[in-house]
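One letter stands for each residue in the lines below.
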Amino acid sequence: MNSNANLRKIRKTVGPTGDSIKLNLMRALVYVFLVLIAVFCLFPFVILIINSTRLHSELLSKFYLVPGSHFFQNLKNVLTDTNIPLLNGLRNSVFIAALTAILTTYFSAMTAFGIFMYDFKLRNFAFSFIMFILMVPTQVSALGFLRLVDKMHMMNTYWPLILPSIAAPSVFFYMKQYMDSVVPKEMVEAARVDGSNEFMTFNRIVLPVIKPALAVQGIFSFVSSWNNYFIPVLVINSKNKKTIPILIAELRSADYMKFDLAKIYIMIFVAIIPLIVVYLFLSRFILENLTLGSVKG
Amino acid sequence: MKQGNLIRRKSVSYAKWGYFFIAPFFVIYIVFQLIPLISTFYNSFFETYRVGLKQIGPNFVGLENYKTVLTGGNLPKYTANTFILWIMGFIPQMLFAVILSLIFTSSRLNLKGKQFFKTVMYMPNLIMASAFSMLFFALFSDGGPVNNMMLQFGWIDEPIRYFAYTGTTRGLIATMNTMMWFGNTTILLMAGIMGIDSSLFEASRIDGASTWQIFWKVTIPLIAPIMAYVLVTSLIGGIQMFDVPQILTNAEGRPDRTSTTLIMYLNNHLFSKNYGLGGAVSVFIFFITLIPSIIVYKFTMRGYGKKGGRR
Amino acid sequence: MKKFALVLTVLALCVSFAFAQGAAEAAPAAQGKVFNIYCWNNEFQVRFEKYFQEAGLVPEGVTVNWVVTPNQGMNYQDKLDEALLSQDSKPADEKVDMFLVEADYALKYVDSPYTLAVVNDIGLTEADIAGQYKYTKDIMTDSTGVLRGVSWQACPGAFIYRRSIAKAVLGSDDPAVVGAALDSWDKFDAVAAEAKAKGYFMLSGFDDDFRVFSDNMEGSWVDANDKIVIDPSIEKWIDQTKTYTDKGYNNKANLWSTESFAGAAIGGKVFGYFGPSWFQDFCLAPATLADANAPAAVGNGSYGDWGLVMGPQGFSWGGTWICGAKGSDNIELVKAVMEKLTCDSATLKAIAQDFGDFTNNEKAMEELANSDLSNAFLGGQNHIAILLDSAKSISRDNISAYDQGMTEKIQAAFADYFNGIVTKDQAYANFYTSIIEKYPNLSK
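What counts, and at which threshold
Residues numbered from 1 in each chain as written. Chains lettered and ligands numbered in written order. Predicted model: local features only at pLDDT ≥ 70, side-chain atom pairs only at ≥ 80, totals over all residues. Helix = DSSP H or I, 4+ residues; strand = E, 2+ residues; numbered from the N terminus. Contact = placed C-beta atoms within 7 Å. Rg over C-alpha atoms; globule rule 2.2 N^0.38 Å. Buried ≥ 20, exposed ≤ 12 C-beta atoms within 10 Å, placed from the backbone. Pairing = 2+ DSSP bridges. Nonpolar A, V, L, I, M, F, W, Y, C, P; charged D, E, K, R; others polar. Right-handed = clockwise from strand over helix to strand, strands pointing away. Axes fitted to C-alpha atoms, helices over the stretch in contact; angles between N-to-C directions. Left-handed = near helix turned anticlockwise from the far one by under 90°. Domains from an automatic or database assignment. Expected span 1.5 Å × (residues − 1). pLDDT = per-residue confidence, 0-100. Core = buried A, V, L, I, M, F, W, Y, C linked by C-beta atoms within 7 Å.

Along the backbone of chain A there are 15 helices and 0 strands. Expressed as a percentage of contacts within chain A between residues at least 6 apart in sequence, the contacts between residues at least 24 apart total 74%.

This is the structure:
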């Protein structure tokens, strides 16, 4: 911060008035741009909120710019519908997404550290191999995956949704990139001198240093697991184990002949609240650590 | 080589730890991905599908499935669809992300309310693709809010039928992809820019470099690895595009199958339990992914590779 | 440290709780304690609960488990197939006990070893099912003459028109007048032109009268050599719809879309919809209400502003059959459900009166047709009386196991043609491509 202040001082002495006018103009333009983008991004949310407060019949007839008064009525309709175990679904989704986020970030960091730190025989092979599989679309193996899950008697359990997240090539790639630029190997070597076991070093010394990367990937994987529909819908059968995306899709088409738009908007509304909470919580953490994380630079 | 030897000597007693750290990844990968992948590839040489509840095959047919997929004539079309949809979304996504990450990290602009804007920008990524597509479908349907609004304001006389035309359908898919991913990319690029030692900027400024020069000569090369990461993952994500067009077009890839992506095509075969043809399509998708990925990777990692090799 | 241990314990408890729940569900309980029903919406569920469950007919200790999977895109068939194919390896309480099928793909389950025979396996007698409409039994009879499923409904269709719009276009909303004005396709076209001139749409969209044509096909969609046949009746639908679209006689909506049903709301401009009574009760009536939470009654939206006439061509559409699954440990219960909901004429009468269904009992329907039954949605008309003759003449000889796929794909492929995006030939090509993706054994 100090250096920035100095820099500004230097610039001021160079060209005082013209520059600051230009800067202010620039700032104004940037604000307009940002506000436009924000409006663009918030638009779906605003519609979502407004529409979740309107009745199905109102939604069919015209476009509203202000919320109506039926939010709680709609919410009640969803909560009392025994075909849609919404609260159950929320709990299931939180459970799966949280575990997935933890496993993905931890084990990807672990794998990245193994490749980053140690010069073992198969290291190059392992790295190229992971880079290679990074490019394989998951859907390509979906068909074999389901047969396998069935053979292992894991159908209708959460295992096939959670366990595979341990092997996440793209998260690994990010962690590896991050370690390359942030983790000094001397740090690990110093720990060795102090007699620390390698696994302990990883947990106690390396993990704290890469916290920002963990946070960023944590939230990304939480979100993608939360939103995952393709595999869960094929694996989960029982009503009480279903996750939010399955419930939303079902609400839309199970009763597609007489579906209630207001209910759908309410469901989406309820489904994104936990994400926003998690995001707001983690985003502060990310931004706080972004500057601290750049130890090496 | 010399450097390698040096490291090996230094950490000889620790090298084995590498296996310990990468073991969980590989065990899980082999069980849950590799075995299914191989079985998928294996299936591509068989005629195996279901008619009703009757299983036909598996009968070994050699390369017959590949011939069918190729001579069926539609694979190039779906490949083109997929890339068009990806590029239409990716260019604005990258453009927005670069501009925004520069704005947010600029100490000169010193903006207020950055936290708010950043929070807002990432929000579209939080809605699930399926729910987001449903929302868009509702918003842009013939009698939806967007048409109603434009009619009410008198901008149009008749509803615009967005999902009846190729351009508007593709445009909506691309818009959604851009909206969902530019916030994410911005965060990644910011992390990269903020990781750059600020003294580098100062030094170049004092040397008289313009903002433009600093951008091209300092910022871009230093965030190249992150940009490569974004490009590669986005390309792979693009090839895997499924949820958005699938739900927006009600699984039909309409109009005229111009928004049918590769994975939607694959999904059509998976749904009819046609593991043979599905397997062949999978193998094609695999190679289609491989080629651009390798090119992009090699190209953008050139500068980065040197840095990485020094370890 | 203590605090930490406490937190850990709580966390562990939470996790084990979540898993224990899963485990408890999977653990096999005593025989026949869970009655698994596979279906695609809650139409049957509502009737089951009202006339079976609430009547106390579900034995104590038995839980009814509904496995609801959306029908669209054949998701339901897919889920059901998986379940039936792995039936043998599942614990008793996870096996499918009962499942529902629709006319569009019923044949697939009729000729399958996974469906129980109604008489020999489940134990209904010929006398029990004697009152049912013959066509509902024909569809579910396999190649060896064994009946595999029963239904509570028969599905003769008719034209449901908006009375106020009929008055504006034809000068009268009397079913006799409207019926006479619409009794052939030529007349129908003429009224469509008049409706258009007065600012209304004859039909809501492309697919509205598809079922009228597809039910009157001369042959089946697929011939003996697994070749796809485009019936002249389907060609008629294509040409008629193209004309209607170009002339603006329809609102270009897709079937089941919000726009399609919006045309039935109080401010809607659609003259009428083709459909059987389940369509009217389950789909159309809810769409006419201005306030879905208020009772469905005259004055709520356009409810009651409707009438029923035979229309230019008789047809039937859909129908839901109840089947018992092989391997079920609740066969007695399957039998009880079938008896109560498809054979008991008192129940079938009640369903017809309460829900406006046309139910599957010839005698009961005749009685109702001659009663003073008054359907409030139809402005007091007795819908059973209008549909009675049509129900007797339904024949579904041309049904094939591929009908759902054919219907979905041809509607999707030709929407582009109607919209003017592709030529007719290209639309056919797209139809063939997607149908062969779906059914690899078929050919052009």
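There is more to say, and it comes next.
On to the overall build of chain C. When helices and strands are counted, chain C shows 20 helices and 11 strands. By the compact-globule yardstick of 22 Å for 444 residues, chain C fits well, its C-alpha radius of gyration being 24 Å. Expressed as lengths along the three principal axes of its C-alpha atoms, the size of chain C is roughly 80 × 60 × 50 Å. Looking at chain C as a whole, 50% of its 444 residues qualify as buried. In chain C, of all internal contacts separated by at least 6 residues, the share reaching a separation of at least 24 is 73%.

So, on to unusual backbone geometry. All names here are of chain A. A positive phi angle is found at His153, which is not glycine, with a value near 55°. Its identity is not glycine, yet Asn156 carries a phi of approximately 65°, on the positive side. Within the element layout of this structure, Asn156 appears in the loop between helix H7 (142-151) and helix H8 (159-162). On the basis of neighbour count, Asn156 is assigned to the partly exposed category, with 17 C-beta atoms found within 10 Å.

All names here are of chain C. A sheet is described by the order of its strands in space; here 5 strands give the open sequence E2-E1-E3-E11-E4, paired in mixed fashion. The open sheet terminates on both sides in strands that have one partner only, identified here as strand E2 (63-68) and strand E4 (150-151). As defined by bridge partners, strand E3 (residues 98-102) adjoins strand E11 (residues 320-324) across 5 bridges and the pair is classed as antiparallel. Among the inter-strand pairings, Phe99 is bridged to a residue of E11, identified as Cys323.

A few words now on the interface of chain B and chain A. With 80 residues of chain B at the interface, the matching set in chain A holds 77 residues. Among the residues forming the side of chain B that touches chain A, the class breakdown is 52 nonpolar, 21 polar and 7 charged.

This part takes up the environment of Lys349(C). All names here are of chain C. Tracing the sequence through the fold places Lys349 in helix H16 (residues 345-355). On the basis of neighbour counts, which here come to 20 C-beta atoms within 10 Å, the residue Lys349 falls in the buried class. A C-alpha to C-alpha distance of 9.4 Å links Lys349 and Asn360, two positions 11 residues apart in sequence. Every residue in contact with Lys349, bar those within four places of it in the chain, is listed here: Ala364 and Leu368.

Looking now at the interface of chain C and chain B. Listed per partner, the contact involves 30 residues of chain C and 24 residues of chain B. Taken together, the elements giving at least two residues each to the side of chain C that touches chain B come down to helix H3 (75-85), strand E7 (250-253), helix H13 (258-262), helix H19 (403-418) and helix H20 (424-438) of chain C.

This paragraph deals with the pairing of E2(C). All names here are of chain C. As judged from the 6 bridges shared by strand E1 (residues 34-39) and E2, these two strands associate in the parallel manner. When the bridges of E2 are listed, Tyr38 appears paired with Val67. Assessed by its sense of winding, the connection that carries the chain from E1 through helix H2 (residues 43-53) to E2 is right-handed.

What follows concerns the packing of helix H4 (residues 75-105) of chain B against helix H8 (residues 166-194) of chain B. Residue and element names in this part refer to chain B. Contact geometry of H4 with H8 gives a least axis separation of 6 Å together with a crossing angle of 35°. Of the two elements, H4 crosses H8, and the hand of that crossing is right-handed. Of the residues in the contact of H4 with H8, the class split is 18 nonpolar, 8 polar and 1 charged.

For the rest of this paragraph, the subject is the domain arrangement of chain A. Residue and element names in this part refer to chain A. Under the domain assignment used here, chain A contains domain 1 (2-52) and domain 2 (77-293). With 4 residues of domain 1 in contact, the opposing surface of domain 2 contributes 5 residues. Of the residues belonging to the side of domain 1 that touches domain 2, the class tally is 2 nonpolar, 2 polar and no charged.

Its 13 residues place the ends of helix H15 (residues 331-343) of chain C 17 Å apart at the C-alpha level, agreeing with the 18 Å of an ideal helix rising 1.5 Å per residue. For H15(C), the complete set of buried residues consists of Leu333(C), Val334(C), Val337(C), Met338(C), Glu339(C), Leu341(C), Thr342(C) and Cys343(C).

Residue and element names in this part refer to chain A. Model confidence for chain A is summarised by a mean pLDDT of 79, while 83% of its residues fall at 70 or above. Overall, residues 1-16 carries pLDDT values under 50, and its contacts beyond four positions in sequence, including any with other chains, amount to 6 contacts. For residues 290-297, every residue scores under 50 in pLDDT, and the model assigns this stretch 18 contacts once sequence neighbours within four places are set aside.

Quick look at the environment of Thr71(B) now. Here Thr71(B) is to be found in helix H3 (residues 64-71). In this structure, the C-alpha to C-alpha distance between Thr71(B) and Phe153(B), residues 82 residues apart in sequence, is 50 Å.

The predicted coordinates should not be examined in detail at positions where pLDDT is low. All names here are of chain C. Confidence in the prediction of chain C, expressed as mean pLDDT, is 86, and 93% of residues score 70 or more. Mean pLDDT in chain C bottoms out at helix H1 (residues 2-26), which sits at 43, and peaks at helix H12 (residues 232-247), which reaches 95. Contacts from residues 1-30, a stretch scored under 50 in pLDDT, to residues over four places away or in other chains number 9 contacts.

Attention shifts here to the nonpolar core. Formed by 161 residues in total, the largest nonpolar core has its most connected members in Phe113(A), Met175(A), Met267(A) and Ile268(A). Two domains each donate at least three residues to this core, and these are domain 1 (2-52) and domain 2 (77-293) of chain A. In this structure Phe113(A) touches Met179(A), Phe202(A), Val206(A) and Phe21(B), once residues within four positions along its chain are discounted. Ala192(C), Ala325(C), Phe355(C) and Tyr417(C) belong to the second largest nonpolar core, which has 131 residues in total.

Glancing now at the domain arrangement of chain C. Accessible area lost upon the coming together of the parts serves often as the stated size of an interface. Residues and elements named next belong to chain C. Each domain of chain C was delimited in the assignment, giving domain 1 (34-154 + 318-369) and domain 2 (157-315 + 389-438). When each unit is reduced to the centre of its C-alpha atoms, the spacing between domain 1 and domain 2 is 28 Å. Looking at which element gives the most residues to the side of domain 1 that touches domain 2, the answer is helix H7 (residues 134-139), with 3 residues. Tallied by class, the residues present in the side of domain 1 that touches domain 2 amount to 11 nonpolar, 3 polar and 5 charged.

Right, let's talk about the environment of Tyr109(C) for a bit. All names here are of chain C. With respect to the helices and strands, the residue Tyr109 is situated in helix H4 (residues 106-110). C-beta crowding within 10 Å serves as the criterion here: with 26 such atoms nearby, Tyr109 is assigned to the buried category. Residues Tyr109 and Lys242, spaced 133 residues apart in sequence, show a C-alpha to C-alpha distance of 35 Å. If sequence neighbours within four positions are ignored, Tyr109 has contacts with Val101, Thr115 and Cys323.

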